[in-house]
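A look at the structure
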Amino acid sequence: MYYVYFLASERNRDLYIGSSESLERRVRLHNAGRVRSTKAYRPWKVLGYETYITRSEAVRREMFLKNHQQKEILKKRFGLAA
């Protein structure tokens, strides 16, 4: 099982979208400062996730959601919009 997950920074309310085979492990890495792109904005909390059978499905969905317009829609959905 693969996951596309949504994290919110408790520092600046930023939204991060990622994908992983192990959701719990990946969130731990984010919060431990082991992910360069999110290190400065920790701690992170999980807002939600989607599950996929294959890695390619998850990565395709992640890339789609990282599109600026889609990310803004997600920010509004999770109450993070400015």
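Presented here is a report on the structure given in the accompanying data block. Being a predicted model, the structure only gives us computed values, none of them experimental.

**Describing the overall build of the protein**
- Summing up its helical and strand segments, the protein has 3 helices and 3 strands in all.
- If you list the helices and strands of the protein from N to C, you get β-β-α-β-α-α.
- Relative to a compact globule of 82 residues, whose C-alpha radius of gyration would be 12 Å, the protein shows 12 Å and is just as compact.
- Principal-axis analysis of the C-alpha atoms places the extent of the protein at approximately 30 × 30 × 20 Å.
- Per-residue burial for the protein yields a buried fraction of 37% across its 82 residues.
- Within the protein, counting contacts between residues at least 6 apart in sequence, those at least 24 apart form 60% of the total.
- Carbon and sulfur atoms make up 47% of the accessible area of the protein, which totals about 5,500 Å².
- In the protein, the 18 positive side-chain charges and the 8 negative ones have mean positions that sit 6 Å from each other.

**A few points about the pairing of strand β2 (residues 15-20)**
- Along β2, 5 of the 6 residues are buried, which leaves the element largely enclosed by surrounding structure.
- Relative to β2, strand β1 (residues 2-9) runs antiparallel, the two being bridged by 6 bridges. Bridge pairing in β2 links Ala8 to Leu15.
- Counted between consecutive antiparallel strands, the loop separating β1 from β2 contains 5 residues, among which Arg13 sits at a positive phi close to 60°.

**Focus on unusual backbone geometry**
- Across the junction of Arg42 and Pro43, the peptide omega takes the value 10°, indicating a cis bond.
- Looking at the secondary structure, you find Pro43 in the loop between α1 (23-31) and β3 (44-52).
- Here the phi dihedral of Arg13 falls at roughly 60°; this positive angle occurs in a residue that is not glycine.
- Relative to the helices and strands, Arg13 is located in the loop between β1 and β2.

**Topic: the nonpolar core**
- Counting 10 residues, the largest nonpolar core consists of Val4, Phe6, Ala8, Leu15, Ile17, Tyr52, Ala58, Leu65, Leu74 and Leu80.
- Dropping the residues within four chain positions of it, Leu65 is found in contact with Val4, Phe6, Ile17, Glu50, Gln70, Lys71 and Leu74.
- Formed by 7 residues, the second largest nonpolar core is a distinct cluster that contains Tyr3, Leu23, Val27 and Trp44.

Definitions and limits used
- In this numbering scheme, every chain counts its residues from 1 along its sequence in written order.
- This being a predicted model, a pLDDT of at least 70 is required before a residue's local features are given, and a value of 80 or more before pairs of side-chain atoms are given or counted; all residues contribute to the totals for chains, interfaces and linings.
- Calculation of side-chain values draws on the structure's entire complement of heavy atoms; hydrogens and water are dropped beforehand.
- Where helices and strands are cited, they refer to DSSP runs of H or I of at least four residues and of E of at least two residues respectively, numbered from the N terminus.
- Note that the radius of gyration is over C-alpha atoms, with the globule rule given as 2.2 Å times the number of residues to the power 0.38.
- Relative accessible area decides the class of each residue, using a 1.4 Å probe on protein chains only: under 20% of the type maximum gives buried, over 50% gives exposed, and in between gives partly exposed.
- Here a residue-residue contact requires only that any non-hydrogen atoms of the pair lie within 4.5 Å.
- Per-residue and other accessible areas follow the Shrake-Rupley method at a 1.4 Å probe size, with only the shown protein chains counted as cover for residues.
- Counting rule for charge: Lys and Arg are taken as positive, Asp and Glu as negative, and neither His nor the chain ends is counted.
- We put the charge of a Lys on NZ, of an Arg on CZ, of an Asp on CG and of a Glu on CD.
- Pairs of strands are assigned from DSSP output, requiring at least two bridges between the strands.
- For the purposes of this section, nonpolar cores are sets of buried Ala, Val, Leu, Ile, Met, Phe, Trp, Tyr and Cys residues that join through side-chain atoms within 4.5 Å.

Function-wise, these values are silent; they only describe arrangement.
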